[in-house]
Amino acid sequence: MIEPIHLAGSFTLPGALMTVNRMGYGAMQLAGPEVWGPPRDVDAAIAVLREAVESGVNHIDTSDYYGPHVTNQLIKKALHPYLDGLVIVTKVGARRGPDKSWLHALSRQELVDAVHDNLRNLGLDHLDIVNLRVGGISEPREESIEEPLTVLVKLKREGLIRHIGLSNISPKQLAEAQAMTEIVCVQNFYNVAQRNDDAFIDDLAAQGIAYVPFFPLGGFTPLQSSALDAAAASLKATPMQVALGWLLQRSPNILLIPGTSSLAHLRENLEASRLQIPSEVIADLDAIGKRRTGSTSRRSTALHRGKVASR
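For the structure given in this document, a descriptive report is provided here.

So, how was this worked out
- Residues numbered from 1 in each chain as written.
- Predicted model: local features only at pLDDT ≥ 70, side-chain atom pairs only at ≥ 80, totals over all residues.
- Heavy atoms only, no water.
- Pairing = 2+ DSSP bridges.
- Helix = DSSP H or I, 4+ residues; strand = E, 2+ residues; numbered from the N terminus.
- Contact = heavy atoms within 4.5 Å.
- Axes fitted to C-alpha atoms, helices over the stretch in contact; angles between N-to-C directions.
- Buried < 20%, exposed > 50% of the residue type's maximum accessible area, 1.4 Å probe, protein only.
- Parallel < 35°, antiparallel > 145°, perpendicular 65-115°, else oblique.
- Phe/Tyr/Trp six-rings, centres within 6.5 Å; stacked < 30°, edge-to-face > 60°.
- Lys NZ or Arg CZ within 6 Å of the ring centre and 35° of its normal.

Once that is clear, we can look at the sheet that holds strand 4 (residues 59–63). The strand order 3-4-5-8-9-10-11 describes an open sheet built from seven strands, whose pairing is parallel. Two strands close off the open sheet at either side, each with one partner strand: strand 3 (25–26) and strand 11 (210–214). In this structure, strand 5 (residues 87–92) lies alongside strand 8 (residues 127–133), joined through four bridges in parallel fashion. Looking across to strand 8, one finds that V92 is bridged to L132. On the sheet, helix 2 (residues 70–79) packs against strand 4 and strand 5 and is oriented at approximately 145° with respect to strand 4.

Here you go:
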């Protein structure tokens, strides 16, 4: 048994009676290359999942369109029957094309099928939290989400979903959703360099809603910054550990789900939860985002080929 490490404190999701450690785990990279098919080493993938949970992770982010079906089947094989207190968060709203593309799947039938796929492949009779994934590749689109959200609200009333979150959304879309149901978490693109959601995070914190950044380590292009490198050297850490540590110190409602298929990388990510970054170093790191203020992330065709980094 691995001794659990301190995972940057915990956060209780609003109205959910679910408390999770702030350092979680994202399962996307457990699938094969381009997030398609099985991993090269199934036993290694299972070992990563088991060590994550043994180390104190009780928040796993996944989706049945990873693989597709692969990551959920691995989670079930590695961890079922699930420990009390383990929160598995999944996403619906997308699907994989036969050419490995990533496509919207927001019709009523697609959403119902996605929820049932998640239930079946995870071996569950209900899902703790389902995030409705909308928008573009990495940025929200200002469009109504009422129609797809109505489907999830109905499934929640039927007991198949306990709680609902949103992914890749704007503050306006959050307000629209909150008029329909309680929202317990928001999952958007954010990291030390991609800072468009700064004000949004503060507003969510005031409401007690969790914010879960996807691509916390850069996504299509891993974070590269001389300020990040200098901070890492001064703290005797890796640049990616500093990037994760910065997020944990950014706001207490931020929950992390860095993904990896490597035990060594998993341990490195978890160790980032111990990092205490001094205020003067935080200021240097904050400047990375300020230099990018007003810019928007470039959309990459890499997503359509499935070439993604930690999410």
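So, on to the side chain of H163. With respect to the helices and strands, H163 occurs in strand 9 (residues 161–167). According to the relative accessible area criterion, H163 is buried, its value standing at 11%. Not counting chain neighbours up to four residues away, the residues in contact with H163 comprise G15, A16, M18, L127, D128, I129, V130 and V184.

What follows covers the packing of helix 7 (residues 226–235) against helix 8 (residues 239–250). Running from amino to carboxyl end, helix 7 crosses helix 8 at an angle of 95°, the nearest separation of the two axes being 8 Å. Taken together, helix 7 and helix 8 sit at an angle that is classed as roughly perpendicular. Two secondary-structure elements touch here, helix 7 through L228, D229, A231, A232 and L235 and helix 8 through P239, M240, V242 and A243.

The final tally for this structure, using the stated rule, is eight aromatic pairs. Here Y65 and Y66 contribute two aromatic rings whose centre-to-centre distance is 5.4 Å and whose plane-to-plane angle is 85°, an arrangement assigned as edge-to-face. Assigned by exposure class, Y65 and Y66 land together as buried. Through a chain of ring-to-ring contacts, three or more aromatic side chains come together here, namely Y65, Y66 and W102. Here the guanidinium or amino end of R96 rests over the ring plane of W102, the centre of that ring lying 3.9 Å away.

Counting buried residues along strand 4, five of its five residues qualify, which places the element largely inside the surrounding structure. Of the two faces of strand 4, the one carrying H59, D61 and S63 and the one carrying I60 and T62 are both buried. As paired elements, strand 3 and strand 4 share two bridges and run parallel to each other. Paired with G26 across the bridge in strand 4 is D61. The sheet contact formed by strand 4 and strand 5 spans five bridges and is parallel. When the sheet's bridge partners are listed, D61 is paired in strand 5 with V89.

Turning our attention to unusual backbone geometry. A cis amide bond links G67 to the next residue, P68, at an omega of -15°. Mapped onto the secondary structure, P68 falls in the loop between strand 4 and helix 2. Residue P81 is bonded to the preceding H80 through a cis peptide linkage, with omega at 0°. Looking at the secondary structure, you find P81 in the loop between helix 2 and strand 5. Of note in this structure, K100 is not a glycine but carries a positive phi near 75°. Counting through the fold element by element, K100 comes out in the loop between strand 6 (94–96) and strand 7 (102–104). We note that N168 has phi near 65°; this positive angle belongs to a residue other than glycine. Here N168 shows up in the loop between strand 9 and helix 5 (171–178).

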